[in-house]
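Residues per chain are reported as follows:
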Amino acid sequence: MPRPAVLSLALVLALTTGAAAQDPAYTLVIKDHQFQPAEIEMPAGQKIALTVRNNDSTPEEFESTELRREKVVAGGEEITVYIGPLKPGKYEFFGDFNPNTARGHIIAK
Ligand SMILES: [Cu+2]
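Residues numbered from 1 in each chain as written. Predicted model: local features only at pLDDT ≥ 70, side-chain atom pairs only at ≥ 80, totals over all residues. Heavy atoms only, no water.

Asks: Kindly report on the overall build of the protein, identifying the contributing residues and their values.
Replies: A tally of regular secondary structure across the protein gives 1 helix and 9 strands. Each helix and strand of the protein, ordered N terminal to C terminal, gives the series α-β-β-β-β-β-β-β-β-β. Looking at the protein as a whole, 33% of its 109 residues are labelled buried. Long-range contacts, defined as pairs at least 24 residues apart, comprise 55% of the intrachain contacts of the protein with a sequence gap of at least 6. (Helix = DSSP H or I, 4+ residues; strand = E, 2+ residues; numbered from the N terminus. Buried < 20%, exposed > 50% of the residue type's maximum accessible area, 1.4 Å probe, protein only. Contact = heavy atoms within 4.5 Å.)

Right under this line is the structure:
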């Protein structure tokens, strides 16, 4: 019966083309309303899982106009943001609740 084989192939394709555990993973930490590190280098042309951990007690919002991402991370919590695949270049991000101090950028190469 061909039907089960077709279904399992479709499942394998779904698992390998989505955001998966093998995506390169990076972590940003927020402390004292600043991002650490303030500069992250990432491979261009790949989907990236970026975890943003907030070690402050107050909420922050990870935001990037260039990456078109905006996500609140509560105090003491963490979020994961999927970005890319990116073209080589520099992408600014900031904390929308503390935009004067919480700033950084991604370098994709
Ligand atoms: Cu915002």
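Asks: So what's going on with the confidence of the model for the protein? Residues and values would help.
Replies: Of all residues in the protein, 81% have pLDDT values of 70 or greater, and the mean over the chain is 88. The model gives residues 9-17 a pLDDT under 50, and that stretch makes 1 contact with residues more than four places away or in other chains. (pLDDT = per-residue confidence, 0-100.)

Asks: An account of the coordination of the copper ion is needed here, citing residue identities and associated values.
Replies: Under ideal tetrahedral coordination, the four donors around a metal are separated by 109.5 degrees; under ideal octahedral coordination, the six donors are separated by 90 or 180 degrees. On the protein side, the copper ion has E61 (OE), E63 (OE), E70 (OE) and D96 (OD) as donor atoms, found 1.9 to 2.2 Å from it. For the copper ion, the 4 donor atoms in the first shell make angles of 85 to 151 degrees at the metal, so the coordination geometry reads as irregular. Along the chain, the residues that donate to the copper ion are spaced as E-x1-E-x6-E-x25-D. On the criterion of sequence distance, the pair formed by E70 in strand 6 (residues 69-73) and D96 in the loop between strand 8 (89-95) and strand 9 (103-108) is long-range, its members being 26 residues apart. Judged by its relative accessible area of 52%, E70 is exposed. (Donors = N, O, S within 2.8 Å, 3.2 Å for Na, K, Ca; no water. Tetrahedral: all angles 85-135°; square planar, octahedral: opposite > 155°, others 65-115°.)

Asks: So what about the sheet that holds strand 5 (residues 60-64)? Which residues, and what values?
Replies: As summarised here, the arrangement of the 5 strands in space is 3-9-8-5-6, forming an open sheet in which the pairing is mixed. Where the open sheet ends on each side, the last strands, each with one partner, are strand 3 (39-42) and strand 6. Shown here is a sheet whose adjacent strand axes are inclined to one another by a mean of 20 degrees, direction ignored. (Pairing = 2+ DSSP bridges. Axes fitted to C-alpha atoms, helices over the stretch in contact; angles between N-to-C directions.)

Asks: Got a sec to walk through the sheet that holds strand 1 (residues 25-31)? Specific residues and values, please.
Replies: Judged by pairing direction, the sheet is mixed, and its 4 strands sit side by side in the order 2-1-4-7 without closing on themselves. The open sheet has two edge strands, strand 2 (34-36) and strand 7 (78-83), and neither has a second partner. Between one strand and the next, the sheet's axes are offset by a mean angle of 25 degrees, whatever the strand orientation. In the sheet, strand 1 pairs with strand 4 (residues 48-54) via 6 bridges, with the strands oriented parallel. By the bridge assignment for strand 4, A25 is matched with A49.

Asks: Just give me the short version of the environment of A102, but keep the residues and values in it.
Replies: Relative to the helices and strands, A102 resides in the loop between strand 8 and strand 9. Each C-alpha atom of the pair A102 and K31 lies 9.1 Å from the other, and the pair is 71 residues apart in sequence.

Asks: Kindly report on the side chain of E61, identifying the contributing residues and their values.
Replies: Locating E61 in the fold gives a position in strand 5. Despite its burial, E61 pairs with no opposite charge; the closest candidate is K71, at 11 Å N-O. With residues up to four places along the chain from it excluded, the contact list for E61 reads E70, K71, V72, F94, G95, D96 and F97. (Lys, Arg positive; Asp, Glu negative; His and termini not counted. Salt bridge = Lys/Arg side-chain N within 4 Å of Asp/Glu carboxyl O.)

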